[in-house]
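What follows is each chain in one-letter form.
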Amino acid sequence: QVQLLESGGGLVQPGGSLRLSCDASGNSITINGMGWYRQTPGNQRELVADSTRSGEAVYGDSVKGRFTISIDIANKATYLQMNDLKPDDTAVYYCNVKGRAPPWAALGSYWGQGTQVTVSS
C-alpha cells in the first residue's frame, strides 16, 4: 500500500506564495515520476506540474512561469512552489506518484487525499 501525505495548503492573498509538500510512504515503491494536479467543483482534475524521476517537468499552461515542481527521489517527496498566486488557482491540489510497489509490480498511479488552496483577498 502506498500512502501520500500532502501539506502546505491554506488561504493566501492574490500575489502571495505557498509551498506544497507531498511525502510517499508504504511498500518499497520505485518511483517513476511525481506530480501535482488540481480540481475545482464540477470540473475535471487538471495537470499543474509533473516531473520524471530525472527532473524533466511539464506544466499546465496557466501556471507556467509561476509554479515550480521539485522532486527528491531519495526521500520520496515532491514539492510545489507556487508564486504570484491568483484567485483562479483556488482548488484542491492532489499529489500523484507513478511507480511500482513493490518494485516487480505493474506500474501504478497513486493519489493523495488533496489539500485545499484558496487565493482570496
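Refer to the structure printed above.
Definitions and cut-offs
Residues numbered from 1 in each chain as written. Predicted model: local features only at pLDDT ≥ 70, side-chain atom pairs only at ≥ 80, totals over all residues. Heavy atoms only, no water. Salt bridge = Lys/Arg side-chain N within 4 Å of Asp/Glu carboxyl O. Helix = DSSP H or I, 4+ residues; strand = E, 2+ residues; numbered from the N terminus. Buried < 20%, exposed > 50% of the residue type's maximum accessible area, 1.4 Å probe, protein only. Lys, Arg positive; Asp, Glu negative; His and termini not counted. Polar contact = N/O pair within 3.5 Å; in protein donor to acceptor, adjacent residues only side chain to side chain. Contact = heavy atoms within 4.5 Å. Phe/Tyr/Trp six-rings, centres within 6.5 Å; stacked < 30°, edge-to-face > 60°. Lys NZ or Arg CZ within 6 Å of the ring centre and 35° of its normal.

K.L.:
So what's going on with the pattern of salt bridges? Residues and values would help.
P.N.:
Summed over all chains, the structure comprises six salt bridges. A salt bridge links Arg 38 to Asp 89; the nearest nitrogen and oxygen atoms lie 3.0 Å apart. Placement of Arg 38 in strand 4 (residues 30–39) and of Asp 89 in the loop between strand 8 (77–82) and strand 9 (91–100) is noted, with a sequence separation of 51 residues between them. The same class applies to Arg 38 and to Asp 89, which are both buried. Notably, a salt bridge pairs Asp 84 with Lys 86, separated by 3.5 Å at the nearest N-O pair.

K.L.:
I'd like to hear about the side chain of Glu 6, residue by residue, with values.
P.N.:
Among the secondary structure elements, Glu 6 is positioned in strand 1 (residues 2–7). Although Glu 6 is buried, it makes no salt bridge; Arg 45 carries the closest opposite charge, 7.6 Å away. Here Cys 95 takes part through its backbone nitrogen, which lies 2.6 Å from a polar atom of the side chain of Glu 6. Within the structure, Glu 6 has its side chain in polar contact with the backbone nitrogen of Gln 113 (distance 3.1 Å). Residues within four places of Glu 6 in sequence aside, it is in contact with Ser 21, Cys 22, Trp 36, Tyr 93, Tyr 94, Cys 95, Gly 112, Gln 113, Gly 114 and Thr 115.

K.L.:
Go over the side chain of Asp 50 with me, naming the residues and quoting the values.
P.N.:
Summarising the element assignment, Asp 50 is placed in strand 5 (residues 46–52). The class for Asp 50 is buried, based on a relative accessible area of 13%. In contact with Asp 50, not counting residues within four places along its chain, are Met 34, Gly 35, Tyr 37, Glu 56, Ala 57, Val 58, Ile 69, Asn 96 and Lys 98.

K.L.:
Any chance you could break down the packing of aromatic side chains for me, citing the residues and the numbers?
P.N.:
The tally for this structure, following the rule as stated, stands at one aromatic pair. Ring centres of Tyr 37 and Trp 111 lie 5.3 Å apart, and the angle between their planes is 70°; this geometry places the pair in the edge-to-face category. Here Tyr 37, found in strand 4, pairs with Trp 111, found in strand 10 (residues 108–111); they are 74 residues apart in sequence, far enough to count as distant. For Tyr 37, a relative accessible area of 18% translates into the label buried. In this structure Trp 111 comes out as partly exposed when scored by relative accessible area, which is 38%. Between the NZ or CZ atom of Arg 19 and the centre of the ring of Tyr 79, over which it lies, the distance is 4.3 Å. The cationic tip of Arg 45 hangs over the ring face of Trp 111; the distance from NZ or CZ to the ring centre is 4.6 Å.

Just geometry here; none of it tells us what the structure is for.
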